[in-house]
Structure formats: structure tokens, C-alpha cells
Amino acid sequence: MSDSQNNNPYPPDGKSRDTYEKTRFEDKHLHEVHSSLLREKEEPSENFSPMPLIFVGLFMVLAFWSGIYLVWYSGDFGPFHYDETAKPGEAIDDTPREVDMLALGRRVYSQNCVACHQSNGRGISGVYPSLVNVDWVQDNPEMLVKVMLSGLAGPIEVNGSPYNNAMTPFGRLSDQQIAAVLTFIRTDDSFENDSYEVTPELVAEVREQYGSRTDPWTQPELEEIHGPITGGWSPSNGNSSSNDENDDSGDGEAAETEES
Ligand code: HEC
């Protein structure tokens, strides 16, 4: 019996059962068993584990806090509230800042006019008229506001060169933007027009009178109101006060304000 037991190939390493049992709790043995277990990695498995609640909570706190932050520091998203000179703790000065008309005009120009009149303002000969040192730009600003509000089409002459194309209206721009872009092309050195500025008030006046007009202006129409376009117009010598001959109502009012 005991013989047959001894023949039993157990344990597999050939040691007698006794030896095996004796060495069972020896350091070396334990070590071997554990290291072979440690080599085995856990089987990866597909699973779904929900985001830990602590993160969900953190996100909610963050969202809440950013809402509060926006309400406190957004300045109502007003364009004039940003003040790089303000120091923390000092009272916020939110009086509107004066707008640099030339800087604003330069921006409006590059966003709206360069596609046709080009970035240097010289246009494309025969297609888009130049704005550099030309009679139109130096003429009555009221006429230019009309062109901006309703566009310009049909045959025109700019410094004696004929054009027959159409300019899109820009009535969607604000009074200030229109005033700024006209001021820019009339007074910026690179445009060589050496004229004077156009105010948002003038744009508002013209918009009130002519803003509803949807047809583009033509040169004959403008000349009927403002006299020939020569570039020589100035508020003092204004050939035929601009409003005398116009057929719209409200002439008297406009003529009065013209004086100022
Ligand atoms: C879609 C092209 C186009 C855009 C954009 C455009 N214009 Fe014009 N502009 C024209 C054309 C074309 C004429 C001449 C119209 C005609 O032939 O009747 C003109 C004429 C003018 C004139 C009178 C003629 C002259 O040369 O002085 C002025 C002033 C003017 N544009 C200013 C502007 C300003 C300022 C902007 C930007 C706010 C602008 N234009 C954007 C095409 C354009």
C-alpha cells in the first residue's frame, strides 16, 4: 500500500510528499508561489463604471462658481468696460471711453471695404474706383453717408475716369462705424484726401431722412441734391446748400442743423 502511495507522482516536482509538506511554509516556497501569482495580471474586461460622485459634485460647483464670476466681472459685456489700467480693489470707472475714430475707421475699412477698394484704397482700375485723393471722398460728407447707407450704382465719374458698377449698401453698420470709416478715408494720410472728419450725428441725421431708401443712389441723383461732385465742397462754400433742392420732407430742419 505504502509502495503504491510512493509511486504516486505527487507532488509533481518529484519531492516526496513529506518534503513537500515540510517545505510548504518555508519562505522560499511562499515566495515562489506568490511571485508566480503576481506575474498573472487581472483579465481585462469590458465594463461601465459611473463617474465618481465627487467629480460630478466638483463640476457642478465649478459651473456654479463660473456663473457667479461672470455676473460679477462681465461688466454687462459692454464694449467700454475693459480697462487695462484698472487695479484690483479700485473702484471701477465705467464711464464710456472716447473712441479713437481713426482706429475704429481703419478696422471698419479692413472688414468691409478692402474686398473692392483694396487695402491701399486704390481700387481696381475700371472696376472699383479709387478712394485715394479723389473728388468724391473730398466732397460733401452728407453725400458720402448717403452712398454708405443705400449704395451707389450706374455710370459715375471719379476724378474724370468712368465707372459703371454697383456698390453694396452698408446701412447695417452703426452711425459711429459709418462716421469712423468715412473719417478714416477722408483724413488718414495714406488716402491723401486731406479732408475733415464725419460725425456720428451727421450720419444719424442722414439716416433719419434717407435711411429707408433701398435703391442705390446714382451720380445724377446725388448731383441734383448736392451739386456737381468736384471735391471742392466745404461747409462754408457749400455749393447750393445741400438740402435746398431735395424733394424730401423735413428740409427746414436739416438745413438748420447743417449750419452748426
Ligand atoms: C462690393 C464692392 C464694394 C465694397 C465692399 C465697397 N465698395 Fe465702395 N464702391 C464700389 C463700386 C463698384 C463703386 C462705384 C459704383 C458705380 O460705379 O456706380 C464704389 C464707390 C464708392 C465711393 C464713391 C466713388 C469713389 O471712388 O470715391 C466711395 C466713397 C466708396 N465707394 C466708399 C466705400 C467704403 C467706405 C466702403 C466700405 C465701407 C466701400 N466703398 C465698400 C464697390 C464697393
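Here the structure is a predicted model, which is why all the values come from computation and not from measurement.

Each value, and the rule that gives it
- Residues numbered from 1 in each chain as written.
- Predicted model: local features only at pLDDT ≥ 70, side-chain atom pairs only at ≥ 80, totals over all residues.
- Heavy atoms only, no water.
- Pairing = 2+ DSSP bridges.
- Helix = DSSP H or I, 4+ residues; strand = E, 2+ residues; numbered from the N terminus.
- Axes fitted to C-alpha atoms, helices over the stretch in contact; angles between N-to-C directions.
- Parallel < 35°, antiparallel > 145°, perpendicular 65-115°, else oblique.
- Contact = heavy atoms within 4.5 Å.
- Nonpolar A, V, L, I, M, F, W, Y, C, P; charged D, E, K, R; others polar.
- Near = heavy atom within 4 Å.
- Polar contact = N/O pair within 3.5 Å; in protein donor to acceptor, adjacent residues only side chain to side chain.
- Salt bridge = Lys/Arg side-chain N within 4 Å of Asp/Glu carboxyl O.
- Buried < 20%, exposed > 50% of the residue type's maximum accessible area, 1.4 Å probe, protein only.
- Arc of directions from axis to C-beta.
- Phe/Tyr/Trp six-rings, centres within 6.5 Å; stacked < 30°, edge-to-face > 60°.
- Donors = N, O, S within 2.8 Å, 3.2 Å for Na, K, Ca; no water.
- Tetrahedral: all angles 85-135°; square planar, octahedral: opposite > 155°, others 65-115°.

Enquirer: Would you mind going over the pairing of strand E2 (residues 161-167) with me for this structure?
Expert: Look at any regular strand and the pattern is simple: side chains alternate between the two faces of the sheet. Bridge count for strand E1 (residues 152-158) against E2 is 7 bridges, and the pairing is antiparallel. Its bridge partner lying in E2, Val158 is registered against Ser161. Remark: 2 residues form the turn of the hairpin made by E1 and E2, two consecutive strands paired antiparallel; Asn159 in that turn has positive phi of roughly 50°.

Enquirer: I keep staring at the packing of helix H5 (residues 101-112) against helix H9 (residues 175-187) and nothing clicks. Help me out?
Expert: A pair of packed helices can be characterised by two numbers: the angle between their axes and the separation between those axes. The N-to-C vectors of H5 and H9 enclose an angle of 95°; their axes lie 7 Å apart at closest approach. The pairing of H5 with H9 is recorded here as roughly perpendicular in orientation. Here Met101, Leu102, Leu104, Gly105, Arg106, Val108 and Tyr109 of H5 lie close against H9, whose contacting residues are Gln176, Gln177, Ala179, Ala180, Val181, Thr183, Phe184, Ile185 and Thr187. Looking at the contact of H5 with H9 residue by residue, the class counts come to 10 nonpolar, 5 polar and 1 charged.

Enquirer: Please explain the site of the ligand as it appears in this structure.
Expert: The local shell around the ligand holds 26 residues, among which Cys113, Cys116, His117, Ser130 and Met167 are the closest. Ser130 places a main-chain nitrogen or oxygen 2.6 Å from an oxygen atom of the ligand. For the ligand, an oxygen atom lies 2.7 Å from a polar atom in the backbone of Gly154. Where the shell around the ligand is concerned, the elements lending two or more residues are helix H6 (114-117), helix H7 (135-138), helix H8 (141-150), E1 and E2. Partitioning the shell around the ligand into residue classes produces 19 nonpolar, 7 polar and no charged.

Enquirer: Can you walk me through the pattern of salt bridges in this structure?
Expert: A side chain with one charge can pair with a side chain of the opposite charge if their charged atoms come near. Within the structure shown, the criterion is met by 6 salt bridges. In this structure, Asp188 and Arg106 form a salt bridge, with 3.3 Å as the shortest nitrogen-oxygen distance. Remark: Arg106 occurs in helix H5 and Asp188 occurs in the loop between H9 and helix H10 (200-210); sequence separation between them is 82 residues. In this structure, the salt-bridge partner of Arg213 is Glu221, at a minimum N-O distance of 2.8 Å. The class of Glu221 is partly exposed, set by a relative accessible area of 30%.

Enquirer: Explain helix H11 (residues 219-226) here, please?
Expert: For H11, the full list of buried residues reads Gln219, Leu222, Ile225 and His226. The arc that holds every buried residue of H11, seen down its axis, measures 130°, which confines them to one face. H11 presents Pro220 and Glu224 as exposed residues on the side facing more than 90 degrees away from its buried surface. The elements touched by buried residues of H11 are H7, H8, E1 and H10. At the exit of H11 stands Gly227, carrying a positive phi of roughly 85°.

Enquirer: What is the right way to read the packing of aromatic side chains from this model?
Expert: Aromatic rings considered in pairs are described by the distance between their centres and by the relative angle of their planes. Going through the model one piece at a time under the given rule, you end up with 7 aromatic pairs. When the ring of Trp72 is compared with that of Tyr73, the centres are 6.4 Å apart and the planes differ by 80°; the resulting orientation is edge-to-face. Residue class for Trp72 comes out exposed when judged on its relative accessible area of 64%. With centroids separated by 5.3 Å and ring planes inclined at 80°, the aromatic side chains of Tyr109 and Phe191 adopt a geometry described as edge-to-face.

Enquirer: Sorry if this is basic, but what is going on with the coordination of the iron atom of the ligand here?
Expert: A metal bound by six donors in octahedral fashion has ideal angles of 90 or 180 degrees, whereas one bound by four tetrahedral donors has an ideal angle of 109.5 degrees. The iron atom of the ligand binds to the protein through His117 (NE2) and Met167 (SD); the donor distances cover 2.0 to 2.2 Å. What the 6 donor atoms of the iron atom of the ligand show is an angle range of 83 to 179° at the metal, which sorts the shape as octahedral. Of the two residues, His117 sits in helix H6 while Met167 sits in strand E2, which places them 50 residues apart along the sequence. On the accessibility criterion, His117 (10% relative accessible area) is buried.

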